[in-house]
Amino acid sequence: AGLIRLAGADVLAAYTIMFEAAFGDIYAVTETLVKAAPLTFTKDIHPIFEKTCYSCHGEKKQKAKFRADTREGLFKKVDAENHVVVPGKPDESELIHRLTTKVEDDVMPPVDHEHQLTPEQIETVRKWVEQGAVWSPDDKPAESKPGESK
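Residues numbered from 1 in each chain as written. Predicted model: local features only at pLDDT ≥ 70, side-chain atom pairs only at ≥ 80, totals over all residues. Heavy atoms only, no water.

(A) Up close: the layout of surface pockets. Space inside the second largest pocket adds up to approximately 410 Å³. Taken together, 20 residues line the second largest pocket, and the ones lying closest to its centre are H57, A64, F66, R98 and M108. Looking at the lining of the second largest pocket, the elements with two or more residues in it are helix 3 (41-52), helix 4 (54-57) and helix 6 (94-100). Top element by residues in the lining of the second largest pocket is helix 6. It accounts for four residues. (1 Å grid on protein atoms, 1.4 Å probe; cavity = no way out; pocket = protein on both sides within 12 Å on 5 of 7 lines; lining within 4 Å. Points joined across faces, edges and corners; volume = space filled by probe spheres on them. Helix = DSSP H or I, 4+ residues; strand = E, 2+ residues; numbered from the N terminus.)

(B) Inspection of the packing of aromatic side chains at higher detail. Tallied over the full model, the rule gives two aromatic pairs. Note on F41 and F49: the rings are 6.3 Å apart at their centroids and 70° apart in plane angle, and the pair reads as edge-to-face. The two residues F41 and F49 agree in class, both being buried. With centroids separated by 5.8 Å and ring planes inclined at 55°, the aromatic side chains of F41 and W128 adopt a geometry described as tilted. Within this pair, whereas F41 is found in helix 3, its partner W128 is found in helix 7 (residues 119-130), the two being separated by 87 residues in sequence. A single burial state applies to F41 and to W128, both of which are buried. (Phe/Tyr/Trp six-rings, centres within 6.5 Å; stacked < 30°, edge-to-face > 60°. Buried < 20%, exposed > 50% of the residue type's maximum accessible area, 1.4 Å probe, protein only.)

(C) Quick look at the nonpolar core. Core analysis: the biggest nonpolar cluster contains 23 residues, and F41, F49, L74, V85, L95, V125 and W128 have the highest contact counts within it. Secondary structure elements with two or more residues in this core: helix 3, helix 6 and helix 7. Discounting chain neighbours no more than four positions away, the residues touching V125 are I45, I48, F49, L95, I96 and L99. (Core = buried A, V, L, I, M, F, W, Y, C linked by side-chain atoms within 4.5 Å. Contact = heavy atoms within 4.5 Å.)

(D) Structural detail: the environment of G73. Mapping G73 onto the fold places it in helix 5 (residues 71-74). For the pair G73 and V85, spaced twelve residues apart in sequence, the C-alpha to C-alpha distance is 9.2 Å. Those residues within four positions of G73 in sequence are excluded, and the remaining contacts are F66, R67 and V84.

Pasting the structure below:
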């Protein structure tokens, strides 16, 4: 008694109405959840670095003895006090300093480099570091096979 029987699409519509009443616009909530998903090196960082960093700091060339394409390179000590990436601490990470500094001799990529990072890309890298810069064994950039373009 007092129960309303719903079927099929009516059930989905009823749940959508209840969800929106409790949490607001279902699309806005979904978008927020997607944006809150943890960033990964392979999906989010590798594509940025591939265009902007690897030509000088990759497998074939390592300016300043630094590789941006390996875990060891990104988490190494820069000097006695600093690391390239300090997981969870973007303000203590040399990488973030180099991407955001206004000092022309320190900024990366150099001002005359063909590919510059956008503010959105820099923010993505900063968020990745802030989220812990997690780099699991499964989180490796895919290798291109001969004849494939990246």
